[in-house]
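Fold and geometry: a report
Here's the letter readout for the chains.
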Amino acid sequence: MSPGVSVVIPAYNEENSIAATIKSVKTIPEVREVIVVDDGSADRTSEIAESAGASKVLRQRNSGKGAALSAGFAASQG
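Quick caveat, the model's predicted, so the values are computed rather than measured.

1. Focus: the overall build of the chain
From N to C terminus, the chain includes three helices and three strands. Listed by position from the N terminus, the elements making up the chain come as β-α-β-α-β-α. With respect to the three principal axes, the spread of C-alpha positions in the chain is 35 × 25 × 15 Å. Within the chain, the fraction of its 78 residues that count as buried is 35%. Restricting the contact set of the chain to residue pairs at least 6 apart, pairs at least 24 apart contribute 61%. Summed over its atoms, the accessible surface of the chain is roughly 4,500 Å², and 50% of this surface lies on carbon and sulfur atoms.

2. Re the pairing of strand 3 (residues 56-60)
Side chains on a regular strand alternate between the two faces of the sheet. The pairing of strand 2 (residues 31-39) with strand 3 spans five bridges and is classified as parallel. Across the sheet, residue Val 36 finds its bridge partner in strand 3, namely Val 57. Regarding the hand of the β-α-β motif, the stretch spanning strand 2, helix 2 (residues 45-51) and strand 3 is right-handed.

3. With respect to the sheet that holds strand 3
If you walk across this open sheet you meet the three strands as 1-2-3, and the pairing is parallel. Sheet topology places strand 1 (5-11) and strand 3 at the edges, where each strand pairs with a single neighbour. Going across the sheet, the axis of each strand differs from the next one's by a mean of 20 degrees, ignoring polarity.

4. Things to note about the nonpolar core
Ile 9, Ile 18, Ile 22, Val 34, Val 36, Ala 49 and Ala 54 are the most contacted members of the largest nonpolar core, which totals 14 residues. Those elements giving two or more residues to this core turn out to be strand 1, helix 1 (18-25), strand 2 and helix 2. With residues near it in sequence (within four places) discarded, Ile 18 still touches Ile 9, Ala 11, Val 36, Thr 45, Ile 48 and Ala 49. Residues Val 8, Ile 35, Val 37 and Ala 75 belong to the second largest nonpolar core, which totals five residues.

5. Quick look at helix 3 (residues 65-75)
Those residues of helix 3 not exposed but buried are Ala 68, Gly 72 and Ala 75. One side of helix 3 carries all its buried residues, which in axial view fall inside an arc of 65 degrees. Of the exposed residues in helix 3, those oriented more than 90 degrees away from the buried face are Phe 73 and Ala 74. Elements that come into contact with the buried residues of helix 3 comprise strand 1, strand 2 and strand 3.

About the thresholds
- Residues numbered from 1 in each chain as written.
- Predicted model: local features only at pLDDT ≥ 70, side-chain atom pairs only at ≥ 80, totals over all residues.
- Heavy atoms only, no water.
- Helix = DSSP H or I, 4+ residues; strand = E, 2+ residues; numbered from the N terminus.
- Buried < 20%, exposed > 50% of the residue type's maximum accessible area, 1.4 Å probe, protein only.
- Contact = heavy atoms within 4.5 Å.
- Areas by Shrake-Rupley, 256 points an atom, 1.4 Å probe, with all protein chains shown as cover.
- Pairing = 2+ DSSP bridges.
- Right-handed = clockwise from strand over helix to strand, strands pointing away.
- Axes fitted to C-alpha atoms, helices over the stretch in contact; angles between N-to-C directions.
- Core = buried A, V, L, I, M, F, W, Y, C linked by side-chain atoms within 4.5 Å.
- Arc of directions from axis to C-beta.

This is how it looks when you write it as structure tokens:
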């Protein structure tokens, strides 16, 4: 994989906006991967993130934004 930036997106019940967010971030040439960390959503955030082209979708129980970011950073390659 080429050098670049990993973008970590913590998400909670964002089914209405996650696809547009991912698509927007992916237009930036320096972005190597988009990692969405679904922090216990009760909606379809994870499924929509996968369909929208997220490189990785991690799921965890509602542990908070800090834990979601930490999990995303640990899984990143960039």
